[in-house]
Amino acid sequence: MTHHDAPSFRVSSESFQDGQTLPPAQRGASTGAGAKDESPQLSWTGAPAGTRGYAVTMFDPDAPGRGGFWHWAVLDLPADAASLPAGAGSRQTGYLPPGAFQLKNDGGATGYLGAAPPKGHGPHRYIVTVHALDVAHSGLDAGAHPAKLEAKLAPHTLATASLTGIYERH
């Protein structure tokens, strides 16, 4: 449940602008030149009072099949976190604050999976959301499926802030 009287909570990215095409770095390596499967840089401000932790997700609601496609999920970010560097979703360690962890994406690997819609499927929206939570720990572990994330986080979500990147393969 989101509180309507929450202060202004915003997320921004040095990697892409809201509503604009995702640059090659944030695209799936399989899509061509310059594509790197690099998670975007993110910064957020104005989380509501009582925020004890954060989660960050990237979801493609336009993916074929049922339920869209989870590209990234980071859980248990501490309350004092206010940003993630580009590449924080790497499968390597050391890019996330202590205690934070990533779930497997719908491609079956832990970490960030860049945008790679099917050719000719039209533009897809990649929604990056920072969830301000009233708990420090999500109660999930690294083996949880991202689809379970929303139901688990919903009762603890004070506010969300989102950016949407667009990508289409011709």
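Residues numbered from 1 in each chain as written. Predicted model: local features only at pLDDT ≥ 70, side-chain atom pairs only at ≥ 80, totals over all residues. Heavy atoms only, no water.

Novice: Report on the sheet that holds strand β1 (residues 10–12), specifying residues and quantitative values.
Specialist: Overall, antiparallel pairing links the three strands, which are arranged β1-β2-β5 in an open sheet. Only two strands of the sheet have a single neighbouring strand rather than two, namely β1 and β5 (83–84). Across three bridges, β1 lies against strand β2 (residues 42–45) in antiparallel orientation. Looking across to β2, one finds that Ser-12 is bridged to Ser-43. (Pairing = 2+ DSSP bridges. Helix = DSSP H or I, 4+ residues; strand = E, 2+ residues; numbered from the N terminus.)

Novice: Provide a residue-level description of the nonpolar core, including the pertinent values.
Specialist: Residues Phe-9, Leu-42, Trp-44, Val-56, Trp-72, Leu-77 and Leu-84 are the most contacted members of the largest nonpolar core, which totals 27 residues. Only β2, β3 (53–60), β4 (69–78), β7 (124–133) and β8 (157–167) provide two or more residues apiece to this core. Apart from residues no more than four positions distant in its own chain, Phe-9 is found in contact with Trp-44, Thr-45, Gly-46, Ala-47, Tyr-54, Val-130, Ala-132, Ala-159, Thr-160 and Ala-161. (Core = buried A, V, L, I, M, F, W, Y, C linked by side-chain atoms within 4.5 Å. Buried < 20%, exposed > 50% of the residue type's maximum accessible area, 1.4 Å probe, protein only. Contact = heavy atoms within 4.5 Å.)

Novice: Requested: an account of the pairing of β7, with residues and values cited.
Specialist: In terms of burial, β7 is a largely internal element, eight of the 10 residues being buried. Sheet topology places β3 next to β7; seven bridges connect them, and they run antiparallel. For Val-56, the partnering residue across the bridge sits in β7 and is Val-130.

Novice: An account of the sheet that holds β4 is needed here, citing residue identities and associated values.
Specialist: Spatially, the five strands line up as an open sheet ordered β6-β4-β3-β7-β8, and their pairing is antiparallel. Pairing within the sheet leaves two strands with one partner each, and these edge strands are β6 (101–102) and β8.

Novice: Describe the pattern of salt bridges, listing the residues and the values that go with them.
Specialist: Taken as a whole, this structure holds two salt bridges when the rule is applied. Measuring nitrogen to oxygen at the nearest pair gives 3.8 Å for the salt bridge that ties Glu-38 to Lys-36. Between Asp-62 and Arg-125 there is a salt bridge, with its nearest N and O atoms 2.7 Å apart. Placement of the pair is Asp-62 in the loop between β3 and β4 and Arg-125 in strand β7, with a sequence separation of 63 residues. A residue is classified by how much of its surface remains accessible, and Arg-125, at 39% relative accessible area, is partly exposed. (Salt bridge = Lys/Arg side-chain N within 4 Å of Asp/Glu carboxyl O.)

Read these as layout, nothing more, since geometry by itself doesn't imply function.
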